[in-house]
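So you can see what is in the structure, the chains are spelled out below.
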Amino acid sequence: MEIIKLWKPQDLFVIKSPKQSLRLVLLVFAVVCGIYILSMCINQTSNYLLQAKSLSIHVINRHTCHYPIFQEEDIHYLHFPKPQTFSREECACNPVRFFAILSMQRSGSGWFETLLNSHINVSSNGEIFGAKSRRTNASVILDIMDNVFNLDWVSSSSKNECSAAIGFKWMLNQGALEYHEEIVDYFNRRGVSAILLFRRNLLRRVISLLANSYDKDAKPLNGTHKSHTHSPYEAEVLAKYKPEVNMSLLIPNLRHAQRKANRALECFKSTRHILLYYEDIVQNRTKLADVQEFLGLPQRELRSGQVKIHKGPLSQQIKNWDEVQKKLKGTPYETFLKED
């Protein structure tokens, strides 16, 4: 008579031999490893696709573009403008960075901009907000910036198709501080980088302002006013004038300039920015390499055709030098009397 053995649930967990036990352990290990590897691959693929998606937005309606792998934090600052006035043609796949040079009059910004424009891939369009009609309110300012960054602003500096960086020069008294909240929001939203350029020696800036004001009226260069010179002869002619500094206005003017620079730093601190000083660029040209890196540009030797007007010690440039020395001694501005 055949005996039927009833199956019990606990028999499922009975390992009947060491060989079977080893196989089960290996199987479980392989499954766990496979799941871990698969999850890692999915995670990396997701990150890659996230970057690819951010860049591919600009590829859909363009040529087949092959991009290098950009850092994720850089993607917001890479742009692909669609100008209405021309076609970027073969350069349509080249990303463009947006920038603005924020500075004050007679702080070296004109010279600095010519250095930037000597780079074949940079278009800096000068003081576009110099005209009061272009800065009547925040809305007008933002519309003009849209025009510039869309590559539709026409100026002698426009390189159009293959620009890798497009921007302009902006004096702080041309609406940059007055509408700073709207402008900072625009910079952060549109991915505009700010280059803050100031002078360390504000007394030299005062001398430059006075000399430039004199030149506007006197026009010693054949009846022509020149804010910047391009020959040693022109620089020599303009340097002959030694301004007399108003003692009652000297410290208030220095204080005002210092406060304005500090306010600009405070207003634009939330933007992607770089801080530069004119004296540092003059004495250390590696600062220009830092700027090119900041703008994501291929490194080039930058040159300017401008010739410096005021050279040498301040004592030879100020008519009432002794009064100036006496006025600034013992004040926070005494250091300006020393050589740069």
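From a predicted model like this one, the values you see are computed outputs, not experimental measurements.

Chemist: What should I look at first to understand the packing of aromatic side chains in this one?
Modeler: Each aromatic ring pair is characterised by the separation of its centres together with the angle its planes make. This model, assessed by the stated rule, comprises ten aromatic pairs. Ring centres 5.7 Å apart and planes at 80° place the aromatic pair Phe129 and Phe168 in the edge-to-face group. Here Phe129, found in the loop between strand S2 (122-127) and helix H3 (138-149), pairs with Phe168, found in strand S3 (residues 165-171); they are 39 residues apart in sequence, far enough to count as distant. For Phe129, a relative accessible area of 0% puts it in the buried group. Judged by centre distance (5.9 Å) and plane angle (35°), the rings of Tyr333 and Phe336 are tilted. Considered together, Tyr333 and Phe336 belong to a single accessibility category, that of buried residues. A network of ring pairs unites the aromatic residues Phe98, Phe129, Phe149, Phe168, Trp170 and Tyr186 as a single cluster. The side chain of Arg272 reaches across the aromatic face of Tyr77, ending 5.4 Å from its centre. Across the ring face of Phe294, the terminal group of Arg272 is positioned such that the distance to the ring centre comes to 4.1 Å.

Chemist: Can you walk me through the confidence of the model for the protein chain in this structure?
Modeler: Looking at the protein chain as a whole, its pLDDT mean stands at 86, while 81% of the residues score no less than 70. In the model, residues 11-16 has pLDDT below 50 throughout and makes two contacts with residues more than four positions away in sequence or in other chains. Taken as a whole, residues 45-62 scores under 50 in pLDDT and shows 20 contacts with residues more than four places along the chain or in a different chain.

Basis of the calculations
Residues numbered from 1 in each chain as written. Predicted model: local features only at pLDDT ≥ 70, side-chain atom pairs only at ≥ 80, totals over all residues. Heavy atoms only, no water. Phe/Tyr/Trp six-rings, centres within 6.5 Å; stacked < 30°, edge-to-face > 60°. Helix = DSSP H or I, 4+ residues; strand = E, 2+ residues; numbered from the N terminus. Buried < 20%, exposed > 50% of the residue type's maximum accessible area, 1.4 Å probe, protein only. Lys NZ or Arg CZ within 6 Å of the ring centre and 35° of its normal. pLDDT = per-residue confidence, 0-100. Contact = heavy atoms within 4.5 Å.

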